[in-house]
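Each chain is listed here by its residues.
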Amino acid sequence: MKKYRYYTKSHYLLKLMIISIITGLFFMGTLVIADQSPTLEVGISEYAKSSQDQSRKTPKKSHSTTDHSSIEKLQGPFTTGPEVTKACLECHNEVGRQFMKNIHWTWDYKHPKTGQHLGKSVLVNNYCINARGNEGMCAQCHAGYNMTNSDFDFSNQENIDCLICHESTGTYYKTPTTKGNKACVNMFKDKPEIEWAKIAQSVALPSRNNCGVCHFFGGGGDNVKHGDLSSVLFDPPRDVDIHMSAEGENFTCVTCHVGEGHEWAGSRYEMLVNDTVGMGKPGMVRKTASCESCHGASPHPIKTVNGMKLNGHTDRVACETCHIPEIAKGGVATKIDWDWRSMGQLKNGKSFKLKEYTQGDGQHRATYKTIKGSLSYAENLQPMYAWFDGTMHYTTIDSQFDPALSSININSFSGSREDPNSRIYPFKRMHMTQPYDKGNNTLIYMHLWGDDDNALWGNFDFSKAIQAGMEENNAPYSGEWGFIETYSYWPINHMVAPKEEALVCADCHVKGGRISHLTGLYIPGAGGDQLLDYIYYIAIFGTLGGVLGHGVIKSIATNRRKNNV
């Protein structure tokens, strides 16, 4: 493993002077060449845009080698999703076995490094708290049918939902698998009837529509959770995402998240942030979805000083740090704060919403909901930056924390300047004030969804909802609850800006720059050490002077030779 040497100030001075001299000599014989590189509801009411929003572009005609509309088994009639799946499995006879290993099906993950038991089936978050126990609502984004509780039969292949990933009509939708309380009953009215045979015959490779209907709306609304995944990515402008825009590369999600056997590259539990394998070969089957997979480890042109210098950053600075300067772009805000303490307020005895935030696309977002409490948003948000080695750590339902803490991290990450596998990486940070077990100093499960007296989204009673949630899931509960502040961290990978909008040197190499809060490293120009800054500028201008001086001398010498001839 590569070892890092730690320098004193005198070492830095000597190193900079040597670099200055060597660089100046190198460029005295080099010509620098300029860079020439060139509102229909689906699911819950927060889903302002969805798989039935026909404002999006019509999907391109499929280039599949099979015309599924001509297959006899798919002519129907079908009355349920499992009937369609049964027909699919008659030809695709290995899919069931493959898909049952996928986290989209299992909602279960054993972290290979930390050993933690993770996945939606067990984790607590700081959005709607827990999917476990609330499967009746949350299973709308499970790639299966008929999940009503945690006793779901994961061995039944006919309950796999093939259509959620493969239908291409844009008319498919899913609603809760169980009935909600009267406070939520108006969320699912007036849905058009699903045309099962038509949808089954439309199947194709997954498009942005298929992935986005769940991943863009996770956490209870458009762009709520990740910050870099929103409905604008269904058809983004070039300045929102250069890869996914039709004016750019027009990628689908599976262009980067490739794989085989229904296992896709990319994970938010364990990421490869310093990809030394990526060779710049787009579309190749791989276990990671990294920038290096297509662009390689030295993506900048080496024919300029700037390009070479930027390539010198790639082992310490993630590509996303410079090339995703903002998230929540394109007019769709992301949620940054959620306060459950104000939940339960009524007007005339009924639940209500206050939509007091108007985002860039003109849509109004709720700043208060009876079922959720107070909510805050942000757009064009600058990420936070930290050292990251790709490993995420989670506070689970079993984790006890120090009662003296005023806040806890729902998840956290490891990484440091001293670790050669770490990079400076961008994150979205989410803040919440949420219930916890005050007696045991642990997080809690809440029973949110259901047509019963204990469901919070109906009775607005934390005591009943927490008691029921903990008992239902066999979790120890002291009977005493309170509120605690929590933070979660979301690595940023999408909404890549065009290269002309990427960060420039002055965004970081200036006093108070974007990464000035990071410790353990010297950032030239950031004002951390004035003497080192002086030497740095002398090195830069000395090199420039050497190049220009060499050019002048060469020009004079050439003219003299011509005059002497």
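Further up the page is the structure itself.
If you're wondering where the values come from, they're calculated on a predicted model, not measured in any experiment. (Residues numbered from 1 in each chain as written. Predicted model: local features only at pLDDT ≥ 70, side-chain atom pairs only at ≥ 80, totals over all residues. Heavy atoms only, no water.)

A. Representation of the overall build of the protein in the model. In terms of helices and strands, the protein carries 15 helices and 16 strands. Across the 565 residues that make up the protein, the buried fraction comes to 48%. Approximately 28,600 Å² of the protein is accessible, and the part contributed by carbon and sulfur atoms is 54%. (Helix = DSSP H or I, 4+ residues; strand = E, 2+ residues; numbered from the N terminus. Buried < 20%, exposed > 50% of the residue type's maximum accessible area, 1.4 Å probe, protein only. Areas by Shrake-Rupley, 256 points an atom, 1.4 Å probe, with all protein chains shown as cover.)

B. Main features of helix α8 (residues 208–215). Of all 8 residues in α8, 6 are buried; the element is thus mostly enclosed. Tucked into the core, α8 has its buried residues touching α6 (163–166) and α9 (253–256). One side-chain oxygen at the N-terminal end of α8 lies 3.2 Å from the backbone nitrogen of N209; it belongs to S207. (Contact = heavy atoms within 4.5 Å. Polar contact = N/O pair within 3.5 Å; in protein donor to acceptor, adjacent residues only side chain to side chain.)

C. Spatial organisation of helix α2 (residues 81–91). Within the span of α2, buried status applies to G81, P82, V84, T85, A87, C88 and L89. Elements in contact with the buried residues of α2: α3 (95–99), α6 and α7 (196–200).

D. Structural detail: the packing of aromatic side chains. This structure, assessed with the given rule, holds 24 aromatic pairs. Between W340 and F462 the ring centres are 6.3 Å apart and the planes differ by 65°, which places this aromatic pair in the edge-to-face class. Here F462 lies in helix α14 (residues 462–472) and W340 lies in the loop between β5 (334–339) and β6 (353–354), a separation of 122 residues in the sequence. With relative accessibility at 8%, the residue F462 sits in the buried group. (Phe/Tyr/Trp six-rings, centres within 6.5 Å; stacked < 30°, edge-to-face > 60°.)

E. Representation of the side chain of D228. Looking at the secondary structure, you find D228 in the loop between α8 and α9. With sequence-adjacent residues up to four places away left out, D228 is seen in contact with N223, L233, R268, I327, P491, I492, N493, H494 and M495.

F. Region of interest: the nonpolar core. Grouped together as the largest cluster of nonpolar side chains are 41 residues, with contacts concentrated most on W338, W340, M446, L456, W457 and M470. Listing elements by their share of this core, those giving two or more residues are β10 (373–378), β15 (423–437), α13 (456–459), α14 and β16 (481–491). Residue contributions to this core peak at 4 residues, all from α14. Of all hydrophobic cores here, the second largest spans 28 residues; its members include F99, Y145, I164 and A200. (Core = buried A, V, L, I, M, F, W, Y, C linked by side-chain atoms within 4.5 Å.)

G. Representation of the pairing of β5 within the structure. Across 5 bridges, the pairing between β5 and β10 is antiparallel. Residue T334 lies in a different strand from β10, and its bridge partner there is A378. Inspection of the sheet shows β5 paired to β15 by 3 bridges, in the parallel sense. If you follow D339 over to β15, its bridge partner there is T433. (Pairing = 2+ DSSP bridges.)

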